[in-house]
Amino acid sequence: MIQDIGKNRYHNEYFEAQPQNDSRVLCYRGREILVRCEGETISYLTYGEVTECFPQLEGHATYLFSIDTVQYFLFRGQYGDILLQNVLQEFPEFGWEKIDLMRAACPQDAAFAGVTGMQLSGWYEARRFCAHCGHELVHSRQERMLYCDVCGQREYPKISPAVIVAVTDQDRIVLTKYAGRSFTRYALIAGFAEIGETIEETVAREVMEEVGLKVKNIRYYKSQPWSFSDTLLMGFFAELDGDDRIRLDENELSVAKWCTREEVPADDGVSLTREMMRVFKEGREHCIPG
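Attention here is on the structure that accompanies the text.

Some thoughts on the layout of surface pockets
In this structure, the largest pocket encloses a volume near 1,100 Å³. Forming the walls of the largest pocket are 47 residues, and the residues nearest its centre are Leu74, Phe75, Arg76, Gly77 and Tyr124. Of all the secondary structure elements, the ones that give two or more residues to the lining of the largest pocket are strand S3 (28-29), strand S7 (61-67), strand S8 (70-75), helix H2 (77-90) and helix H3 (108-126). Here the lining of the largest pocket is composed, by residue class, of 21 nonpolar, 14 polar and 12 charged. One number sums up the size of the second largest pocket: a volume of about 890 Å³. As for the second largest pocket, its lining consists of 32 residues, and the residues nearest its centre are Arg103, Tyr178, Arg181, Trp226 and Ser229. Put simply, the parts of the chain that give the lining of the second largest pocket at least two residues each are strand S13 (160-169), strand S15 (189-192), helix H4 (199-211), strand S17 (231-240) and helix H5 (272-281). Here the residues of the lining of the second largest pocket sort into 14 nonpolar, 6 polar and 12 charged.

Structure follows, in structure tokens:
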């Protein structure tokens, strides 16, 4: 999956780090990321490159995280705006690419950094001002948190818990396609947790809402951070309980159908959804503890 970066180690603890010239700078424009591409190989600007061209940005980078000893930084607010408006003039070998490029880009640790940085960048951009009193938020020096020094409001990064559910019945599984989205490949049932319910209740509710099926023997598989949508995904296998007639929620899905193991498409290795589909295709779902 996209967070499986081999021997590299992701360090997400926040501290007041000082960038070095070879520290990486991540830059975003909506759901686009600034990268240098050589085929599927990507690279990012360094702090030294940025501050040499834009000396007014020196000392204003916000630390994001590290992968091994490589530190990643972001320019926020007015400093980010300066970089956005002028970067292509100074670095024409770079370009804006859709964030979905990170699904297949390499090296994989750089791709993971690009996606994770987008989640943090979006959070910072949406939290410039206090939602309670309107004053500008200040970054804590101790943790990744923004606070208002007028009313005391605190803001932490947005993480939305969601479930991925593989509904099975012997040698069959329910595969779906989303309605009204550019992503047209087969997927599993998915949805966000609601306030006041357990994650197991989320599984049963989402399955009933989207395809009208009851499930039993709900078994947790594994989780995945999915920064494309600010989500922490939790994967579950569940068995059909009773009637197998699918009643499609056409607002959420364009397709939902029972498929055999042989009909399950091949895995692309990036998402929890695709990995769970592969587990079922290979008949390994029975090895998951109940």
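Description of the sheet that holds S8
Reading across the sheet, the 5 strands line up as S1-S7-S8-S2-S6 and stay open at both edges, with mixed pairing between neighbours. Each edge of the open sheet is held by one strand with a lone partner, namely strand S1 (10-11) and strand S6 (45-46). For S1 and S7, the ladder comprises 2 bridges, and the chain directions are antiparallel. Paired with Tyr10 across the two strands is Ile67, which belongs to S7. Set on the sheet, H2 makes contact with strand S2 (24-26), S6 and S8; between it and S8 the angle comes to about 95°. Along the sheet, H3 contacts S1, S2, S7 and S8; its crossing angle with S7, the most-contacted strand, is approximately 145°.

Some points on the nonpolar core
Ranked by internal contacts, the top residues of the largest apolar core, which has 71 residues, are Tyr44, Met102 and Val167. Counting residues in hydrophobic clusters, the runner-up holds 19 residues, among them Tyr47, Tyr63, Leu83 and Phe94.

Considering H5
In terms of burial, H5 is largely enclosed, as 8 of its 10 residues are buried. Buried within H5 are the following residues: Leu272, Thr273, Arg274, Glu275, Met276, Met277, Val279 and Phe280. Buried-residue contacts for H5 involve S13, strand S14 (172-178), strand S16 (215-226), S17 and strand S18 (253-260). Looking one or two residues beyond H5, the residue adopting positive phi is Gly283, at roughly 75°.

Considerations on the state of the cysteines
Throughout the structure, instances matching the rule amount to 0 disulfides. Unpaired in terms of disulfides, Cys133 finds its nearest cysteine sulfur in Cys148, a separation of 3.5 Å. Using a relative accessible area of 32% as the deciding quantity, one classes Cys133 as partly exposed.

Thoughts on the pattern of salt bridges
Taken as a whole, this structure holds 17 salt bridges when the rule is applied. Between Arg261 and Asp171 there is a salt bridge; the shortest N-O distance is 3.0 Å. With a gap of 90 residues between them, Arg261 in the loop between S18 and H5 and Asp171 in the loop between S13 and S14 connect regions that are remote in the sequence. Of the charged contacts, one joins Arg205 and Glu209 as a salt bridge, the two residues approaching to 3.2 Å between their closest N and O atoms. A residue pair is termed a helical-turn pair when its members lie 3 or 4 positions apart in one helix, as Arg205 and Glu209 do in helix H4 at 4 residues. By relative accessible area, which is 44% here, Glu209 ends up partly exposed.

What counts and what doesn't
- Residues numbered from 1 in each chain as written.
- Predicted model: local features only at pLDDT ≥ 70, side-chain atom pairs only at ≥ 80, totals over all residues.
- Heavy atoms only, no water.
- 1 Å grid on protein atoms, 1.4 Å probe; cavity = no way out; pocket = protein on both sides within 12 Å on 5 of 7 lines; lining within 4 Å.
- Points joined across faces, edges and corners; volume = space filled by probe spheres on them.
- Helix = DSSP H or I, 4+ residues; strand = E, 2+ residues; numbered from the N terminus.
- Nonpolar A, V, L, I, M, F, W, Y, C, P; charged D, E, K, R; others polar.
- Pairing = 2+ DSSP bridges.
- Contact = heavy atoms within 4.5 Å.
- Axes fitted to C-alpha atoms, helices over the stretch in contact; angles between N-to-C directions.
- Core = buried A, V, L, I, M, F, W, Y, C linked by side-chain atoms within 4.5 Å.
- Buried < 20%, exposed > 50% of the residue type's maximum accessible area, 1.4 Å probe, protein only.
- Disulfide = S-S within 2.5 Å.
- Salt bridge = Lys/Arg side-chain N within 4 Å of Asp/Glu carboxyl O.

The values reported here are purely geometric and, on their own, carry no functional implication.
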